[in-house]
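Architecture at a glance
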Amino acid sequence: MKAGLEVHQQLAVGKLFCACPAELTETVTDSFARSLRAAGGESGTVDVAAALQASRGLLYRYEAGPSSCLVEMDEEPPHPLNEEALDTALTLALLLHAHPVDEVEVMRKIVVDGSNTTGFQRTALIAVDGELELGGRRYSIPTICLEEDAARKIRESPGEVTYRLDRLGIPLVEVATGPEIVSGQEAREVAEEIGALLRATKRARRGIGTVREDVNVSIEGGHRIEVKGVQELRMIQEYVEREAARQKLLLEVRDELRRRNAGVPPVDPLDVTELFRAIVSGPFSGAGRGGQVVLALGLTGFAGLLRSPPRSEERLGRELADQARSVGLRGLVHSDELPAYGVSEAIVAALRDRLSSGEMDAFVLVTDHTRERARAALNRVARRARAAVEGIPGETRDPLPDGRTRYSRPLPGRDRMYPETDIPPIAIRADRLDRLRAQLPERPAELEARLARSHGIPIEVVQQIVYGDLLEPFEQLASRGHAPGLVARLLTQDLPAVPRAGPDAPLFEPSLDTLSAMLAAIEAGRLAKEGVPSILAALASGASTVEVAIERAGLSGFSRDDLVSLIRRVVQANSAMVRTRGDAAFSPLMGDVMREVRGRRDGQEISETLRAEIARVRAESGS
Ligand SMILES: [Zn+2]
């Protein structure tokens, strides 16, 4: 297996080609609609991905907010390129030992999904031939680019896609690695390291959706597949592994298809609507009414290769269904899963008869209210099934939350870049690079060593802070005078452990002021660090302040005096054990006391007080 990454990181330096703020908004003040058509370029050829998208005939609606401008609406030429964004990309290039280009030429890259009002994305090559060293291995960094982010997809409805302009034009640094990654774990680690380098520039935007990864995966004999737009870094490993497994399975299917001399006869799909008229429920229940047709296509030699074996990656059935979905159908039904959906043995036999389909043959059925769309779906299914005999078609695939991927569109052609004539080339002068070299930020490894040293916390904890994107809150809380060890524990252990209200509930992200107030309560002795999980849970479920949370969690009003008298009481009640077992009595009594205290006092304070009390009782009794 070989894999390569493209890491896209948003920068917090305004927009790339206008002066608007780079903030997402929920306020919509205006909207307008556009459509896109595919046209041939200078060579006369039309990009396949563009042609497919145009054939969907979609209307694109754009929502503008209070700070949207004419550049974003493509009613005004772009302003000069954001210099701070360029400096950030150059800084990253230097951190990756790459060679900056002499002159930055902004290009237009055709984008076919309506996510740019212009129909293209502006992109500029900043540096080439970089290198990343990680865990004793070297990964090439062929290119580092600066580009504008696309508009944010808000919703899709039949025939229409709505985007919001707030995200359009936010600068993205794109770092591409060579195909030297050989495992899913390595892919995740390389992505984490690039992420840490990007954050080292202090210009990376933070939060969900600010980093997106495209993962290119191929196995021997397979084809490059691009899984586009992975937002959760921890999922990269799974996407890579499952894509490699999918390709392996599809190659096995190919070999079997070739053994069987399988193929798809070049005949038109057959209208079999009549056979389905009696079905009263399921996908075929409307057959013959309101123009709903059922079309069938025979697949010679495909029997048994459509349905997936239990607990394995999917075989061809889902690949074919994705093609039907790409023209707007809900899916298809194939012969490996029949009888089902009200399709009886008798109907299957009749279908086989009409299709001249033998027991080694398969067929697929689609149903739709428009004959044309049903035909288009089966034409795509036929093309995909023929490709299965050849091998694995190159594709762009969408990542799904469960770790699987889904067909999105063909890999775009190579000829889809042309110069952006509205932006003059920008020379990268030696003095600019000298200035950036002089203020180059620390690399993650240097940063970790320094933090571990200056704060006296273990390097593993520092790594969790740096790679977990926790450096900013860590430094801010530490700079407010809170104990670094306490801050590190809060950020790396207590906060991630706060239970979420539901699987789709947002992460609990208290403000720095709230965290600071909680740390202050611990430092003042009003709260034990053992009580932090209860306080966070109370805050997550709506407590307005730390004081309210302490009250609500029942952690208030347990003073030093309360603790001392509790310990006296416990030791007194167990005085026989203390006298006979001596120091060995400590552990069981500590357990008893901790259960009563429930995080209201500090653990170390409790153990010291208990030890002292045990010693006092033993001294009194002379044991
Ligand atoms: Zn603007």
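Residues numbered from 1 in each chain as written. Predicted model: local features only at pLDDT ≥ 70, side-chain atom pairs only at ≥ 80, totals over all residues. Heavy atoms only, no water.

**Regarding empty space enclosed by the protein**
The tally for this structure, following the rule as stated, stands at four cavities of 30 Å³ or more. Size it by volume and the largest cavity reaches roughly 100 Å³. Forming the walls of the largest cavity are Lys-15, Phe-17, Cys-18, Val-71, Glu-72, Asn-116, Thr-117, Thr-118, Arg-122, Glu-148, Leu-168 and Gly-169. (1 Å grid on protein atoms, 1.4 Å probe; cavity = no way out; pocket = protein on both sides within 12 Å on 5 of 7 lines; lining within 4 Å. Points joined across faces, edges and corners; volume = space filled by probe spheres on them.)

**Quick word on the packing of aromatic side chains**
A full pass over the atoms with the stated rule returns five aromatic pairs. A ring pair is formed by Tyr-62 and Tyr-163, whose centres lie 6.0 Å apart and whose planes are at 20 degrees; its orientation type is stacked. Placement of Tyr-62 in strand β3 (residues 59–64) and of Tyr-163 in strand β10 (residues 160–164) is noted, with a sequence separation of 101 residues between them. Tyr-62 gets classed as buried once you look at its relative accessible area, which sits at 1%. Taking the centre distance of 4.7 Å and the plane angle of 40 degrees together, the rings of Phe-276 and Phe-284 count as tilted. Each member of the pair, Phe-276 together with Phe-284, is buried. One aromatic cluster is present, formed by Phe-32, Tyr-60, Tyr-62 and Tyr-163 through successive ring pairs. Above the plane of the ring of Phe-17 lies Arg-122, whose end atom (NZ or CZ) is 5.4 Å from the centre. Geometry around Phe-586 places Arg-611 over its ring, the cationic atom sitting 3.8 Å from the centre. (Phe/Tyr/Trp six-rings, centres within 6.5 Å; stacked < 30°, edge-to-face > 60°. Helix = DSSP H or I, 4+ residues; strand = E, 2+ residues; numbered from the N terminus. Buried < 20%, exposed > 50% of the residue type's maximum accessible area, 1.4 Å probe, protein only. Lys NZ or Arg CZ within 6 Å of the ring centre and 35° of its normal.)

**Some thoughts on the sheet that holds strand β2 (residues 30–34)**
Overall, mixed pairing links the four strands, which are arranged β2-β3-β10-β9 in an open sheet. Edge positions in the open sheet fall to β2 and β9 (152–157), since each of these has one partner strand only. The mean inter-strand angle of the sheet, taken between neighbouring strand axes irrespective of direction, is 20 degrees. Bridging between β3 and β10 involves five bridges; their strand directions are parallel. (Pairing = 2+ DSSP bridges. Axes fitted to C-alpha atoms, helices over the stretch in contact; angles between N-to-C directions.)

**Quick look at the coordination of the zinc ion**
Around the zinc ion, the protein contributes the donor atoms Cys-18 (SG), Cys-20 (SG), Cys-69 (SG) and Glu-72 (OE), which lie 2.1 to 2.4 Å from the metal centre. Viewed at the metal, the four donor atoms of the zinc ion are separated by angles of 91 to 120 degrees, and the geometry they form is tetrahedral. Between consecutive donor residues of the zinc ion, the sequence gaps follow C-x1-C-x48-C-x2-E. Residue classification places Cys-20 among the buried positions, given a relative accessible area of 10%. (Donors = N, O, S within 2.8 Å, 3.2 Å for Na, K, Ca; no water. Tetrahedral: all angles 85-135°; square planar, octahedral: opposite > 155°, others 65-115°.)

**A look at unusual backbone geometry**
The omega torsion across Leu-338 and Pro-339 is 5 degrees, close enough to zero to call that bond cis. Its place among the elements puts Pro-339 in the loop between β16 (333–334) and α6 (345–355). The phi torsion at Asp-74 lies on the positive side, around 60 degrees, for a residue other than glycine. Position of Asp-74 relative to the elements: it lies in the loop between β3 and α2 (83–95). Owing to a relative accessible area of 32%, Asp-74 belongs among the partly exposed residues under this scheme. In this structure, Lys-202 is a non-glycine residue whose phi angle is positive, near 65 degrees. By the secondary structure assignment, Lys-202 is in the loop between α3 (184–200) and β12 (211–218).

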